[in-house]
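Overview (structure and organization)
Now for the letters of each chain:
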Amino acid sequence: MLLTIWLYLLRLNDNLLLNSALWDNELVLLEYRKMKTLYDKLWESHVVHAESDKPDSMVILYIDRHLVHEVTSPQAFEGLKLARRKPWRVNSILAVADHNVPTTDRSRGIKDPTSRLQVETLDQNCEELGITEFRMSDQRQGIVHVIGPEQGATLPGMTVVCGDSHTSTHGAFGCLAFGIGTSEVEHVLATQCLLTKKSKSMQILVEGKLGYGVTAKDIALAIIGEIGTAGGTGYAIEFAGSAIRALSMEGRMTLCNMAIEAGARAGMIAVDETTIEYIKGRPFAPKGAMLEQAASYWRTLKSDEGAIFDRVVKLEAEQIKPQVTWGTSPEMVTSIEGRVPDPALIVDPIKRHDTENALKYMGLLPNTPVREILLDKIFIGSCTNSRIEDLREAAMILKGKHIAPNIKLALVVPGSGLVKSQAEQEGIDRIFREAGFEWREPGCSMCLAMNDDRLMPGERCASTSNRNFEGRQGPGGRTHLVSPAMAAAAAVAGHFVDVRTMNE
Amino acid sequence: MKKFEHCRGLAVPLDRANVDTDAIIPKQFLKSIKRSGFGQNLFDEWRYLDRGEPGMDVSQRKINPDFILNQLRYQGAQILITRDNFGCGSSREHAPWALQDYGFQVIIAPSFADIFFNNCFKIGLLPIVLDSNIVNKLIDEVVATNSYCLFVDLATQTVTTPGNETYNFDIDPFRKYCLINGLDEIGLTLQHADEIKQFEEKRRKEQPWLFA
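Attention in this report is confined to the structure presented alongside it. (Residues numbered from 1 in each chain as written. Chains lettered and ligands numbered in written order. Predicted model: local features only at pLDDT ≥ 70, side-chain atom pairs only at ≥ 80, totals over all residues. Heavy atoms only, no water.)

With that settled, consider the overall build of chain B. A count of helical and extended segments in chain B gives eight helices and seven strands. Taken over the C-alpha atoms alone, chain B extends approximately 65 × 45 × 25 Å along its principal axes. Buried residues in chain B amount to 58% of all 212 residues. Surface exposure of chain B reaches about 8700 Å², of which carbon and sulfur atoms provide 49%. Here chain B holds 24 positive side-chain charges and 28 negative ones, and the gap between their average locations is 4 Å. (Helix = DSSP H or I, 4+ residues; strand = E, 2+ residues; numbered from the N terminus. Buried < 20%, exposed > 50% of the residue type's maximum accessible area, 1.4 Å probe, protein only. Areas by Shrake-Rupley, 256 points an atom, 1.4 Å probe, with all protein chains shown as cover. Lys, Arg positive; Asp, Glu negative; His and termini not counted. Charge placed at Lys NZ, Arg CZ, Asp CG, Glu CD.)

Turning our attention to helix H18 (residues 484-493) of chain A. Residue and element names in this part refer to chain A. Of all ten residues making up H18, eight are buried, and the element is well covered by its neighbours. Regarding H18, the residues found buried are Pro484, Ala485, Met486, Ala487, Ala488, Ala489, Ala490 and Ala491. Note on H18: the residue one or two positions beyond its end, Gly494, has a positive phi of about 85°.

Our focus in this paragraph is the interface of chain A and chain B. Facing 76 residues of chain A, the contacting portion of chain B comprises 58 residues. Between chain A and chain B the total buried area reaches about 5700 Å² when both faces are included, carbon and sulfur atoms providing 56% of it. Residues Arg85 of chain A and Asp184 of chain B are paired through a salt bridge, measuring 3.2 Å at the closest nitrogen-oxygen approach. Inspection of the region where chain A meets chain B yields 34 residue pairs in polar contact (both at pLDDT 80 or more). Elements that contribute at least two residues to the side of chain A that touches chain B include exactly strand E1 (47-50), strand E2 (58-62), helix H5 (74-82), helix H6 (113-129), helix H8 (182-191), strand E8 (193-197), helix H13 (288-298) and helix H14 (349-362) of chain A. Grouping the amino acids of the side of chain A that touches chain B by side-chain chemistry returns 29 nonpolar, 31 polar and 16 charged. (Contact = heavy atoms within 4.5 Å. Buried area = accessible area lost by both parts, 1.4 Å probe. Salt bridge = Lys/Arg side-chain N within 4 Å of Asp/Glu carboxyl O. Polar contact = N/O pair within 3.5 Å; in protein donor to acceptor, adjacent residues only side chain to side chain. Nonpolar A, V, L, I, M, F, W, Y, C, P; charged D, E, K, R; others polar.)

Moving on: the pattern of salt bridges. For side chains bearing opposite charge, pairing can occur when the charged atoms are close. Residue and element names in this part refer to chain A. Going through the model one piece at a time under the given rule, you end up with 46 salt bridges over all chains. In this structure, Glu184 engages Arg265 in a salt bridge whose closest nitrogen and oxygen atoms are separated by 3.7 Å. A residue pair is termed long-range when its members are at least 10 positions apart, and Glu184 in helix H8 and Arg265 in the loop between helix H11 (249-257) and strand E11 (266-268) qualify at 81 residues. Per residue, the accessibility class of Glu184 equals that of Arg265, and both read buried. Three or more residues joined by partner-sharing salt bridges are found here, namely Asp123, Glu127, Glu133 and Arg135.

Another aspect to go through is the sheet that holds strand E7 (residues 176-179) of chain A. Within a beta sheet, neighbouring strands are joined by backbone hydrogen bonds and run either parallel or antiparallel to one another. All names here are of chain A. The five strands lie next to each other as E5-E4-E3-E6-E7, forming an open sheet whose pairing is parallel. Each edge of the open sheet is held by one strand with a lone partner, namely strand E5 (132-134) and E7. Taking the axes of each pair of neighbouring strands and ignoring which way they run, one obtains an average angle of 20° across the sheet. Relative to strand E4 (residues 93-96), strand E3 (residues 65-68) runs parallel, the two sharing three bridges. Bridge pairing links Leu67 to Leu94 in E4. (Pairing = 2+ DSSP bridges. Axes fitted to C-alpha atoms, helices over the stretch in contact; angles between N-to-C directions.)

With that settled, the discussion passes to unusual backbone geometry. All names here are of chain A. Its identity as a non-glycine residue notwithstanding, Asn367 has a phi of 70°, on the positive side. Taking relative accessible area as the criterion, Asn367 reaches 37% and is therefore assigned partly exposed. The phi dihedral of Ser382 is positive, around 90°, even though this residue is not glycine. Locating Ser382 in the fold gives a position in the loop between strand E15 (377-380) and helix H15 (388-398).

Residues and elements named next belong to chain A. Strand order in the open sheet made by the three strands is E1-E2-E8, with antiparallel pairing throughout. Because the sheet does not close on itself, it has two edges, and the strands there are E1 and E8. In this sheet, adjacent strand axes meet at a mean angle of 25° when their direction is disregarded. Bridge count between E2 and E8: five bridges; the pairing is antiparallel. Bridge pairing in E8 links Met58 to Lys197.

Residue and element names in this part refer to chain A. Remark: H15 packs on helix H16 (residues 417-426), axes separated minimally by 10 Å, with the N-to-C direction vectors making an angle of 40°. Classed by the angle they form, the pair H15 and H16 counts as oblique. The chirality of how H15 crosses H16 is right-handed. Within the contact between the two elements, H15 uses Ile388, Leu391 and Arg392 and H16 uses Val419, Gln422, Ala423 and Glu426. Here the residues of the contact of H15 with H16 sort into four nonpolar, one polar and two charged. (Parallel < 35°, antiparallel > 145°, perpendicular 65-115°, else oblique. Left-handed = near helix turned anticlockwise from the far one by under 90°.)

In short, geometric facts, not functional conclusions.
See the structure below:
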């Protein structure tokens, strides 16, 4: 501990100390220099060229994996063509349509002509350029952030980008993964690189054991409640601590997925045996001797002991309760035991104004207990919570129960065709169906409502997705973010309920 | 990319924090495969009273008279002044496209979301970070003064008010260079093509599983 404090002070006085006559232990300085965060390691191993040796220098960063979907790519492919350029390395790209695809019967294609054109444009671009794409009829199709890891296309030590902010998900594998805009999609297509700058580093330590019914989603929302939606702006977050180590890969993906909701472009978790076990046997993953070679490198992908972060945030796992958002930003969150806040008690005028706006939009009165909020729809799905473990968690709550009469629609949208098929083999689909849920085809669905799945104005939804922004799930729709278990429990009760008391 | 040297333009305040990209350009307009035409749907759910769909004739739509961009005195605004964490949420570049297509050249806020901030530079839209006290002051002045125009000069990195007060802002030198010269970043990176190839070859030898 003392050493850490001392090293921290050293860092603060770095430049001063380097030139200082006070400095008499060069060996310790050298040791300090060698200690790197996971982010440092991932960053440094991908720098092709740096404009200067300053830490905030613009660099050319090499990209190992480029995931592509239909919404943010058409203009990039068009730009590439207009400039008569070709993709730099076609086998680094994996494409899938997920945002616009229908989750109902697909045999007749996509009804909406603009959605159809966008998906067809992706198909056409991939075919012309020889890019691997899982088409809508392929069982491997699904949400881009579900299929990457599922296929082993996301591997530790990689840089992974996609024209989608939830690319942070892939950081669960000890990757540097972040979302980019369409100009950058084109840039990566053309050069296999990005022009970018290093972020600051933040470590979020969650120590202890999560209570029954508390999940990675609750950790994510509790963190955002703590640091705010801009708390991670300018940072790359590493999640660490015993509670994180204990999470499955699905849980780790949920947590890293939400890093962007805390404002951080990238979230990441060190590689351990859980990571390597998950990867083994996946189609795009190395096999045999090459897997062993890879795994011995992957095991080095963790922050060195004593590595210094620009900011450290600590949470105790035991203190985290099931979370429910009440407003129009993920930071507007409380626990199932909480109440909707009273704007009159908020001192900061900007925050008060935002809270008033949020409550007006959400149709909620100050001080309403979260448990008394009645719901219209339930959505279990999205790149945050549509993996097999998420579906199992929800099914465990739903088994032998039925959704409440006031629930107009309860949707479960698996993250991929393979997740769907796995769930069907386990009989999970039957539990959902018997409980009154609709069992759909994979895609982004009502997380952002680009297809037909959406809320009507004024409708209130318990959703396992990641954003509760105004209009996100349909104009005028009201979204409350929760874990899959909490969404299932709410479906049965018709209002929010503490999942910890459900199966007692 | 569009060159950016300076801008003298009418300012409009958007007095909200955490304005997300779903608010800037709602998802139904993201189905377009084009890069242009998003301006008419900028802030669609706030700007109009009816539900907007792609292909609608906006001249026939019901305008929300309360929304700031619809007020007569702010017509033709080129500089948006807003609050913390502007552009949070998705990575959609459609958000800066919509702002630029509407006519904005500069966005001033105390802070921006990372991906949005980065995306702006790629298209020649200038996001400026100013201290929240200065932003408060600017918003008060815009509200109090008709035809409030700011002068933004990239070369000197300054924002000047009608009262001749000048505020400096920071910008990464590389980004500034690209903006002032309207440079194509892909072309710049491709000048390093040999380095990229060498890097890739080394990587292929050391970590062959990445290239399978």
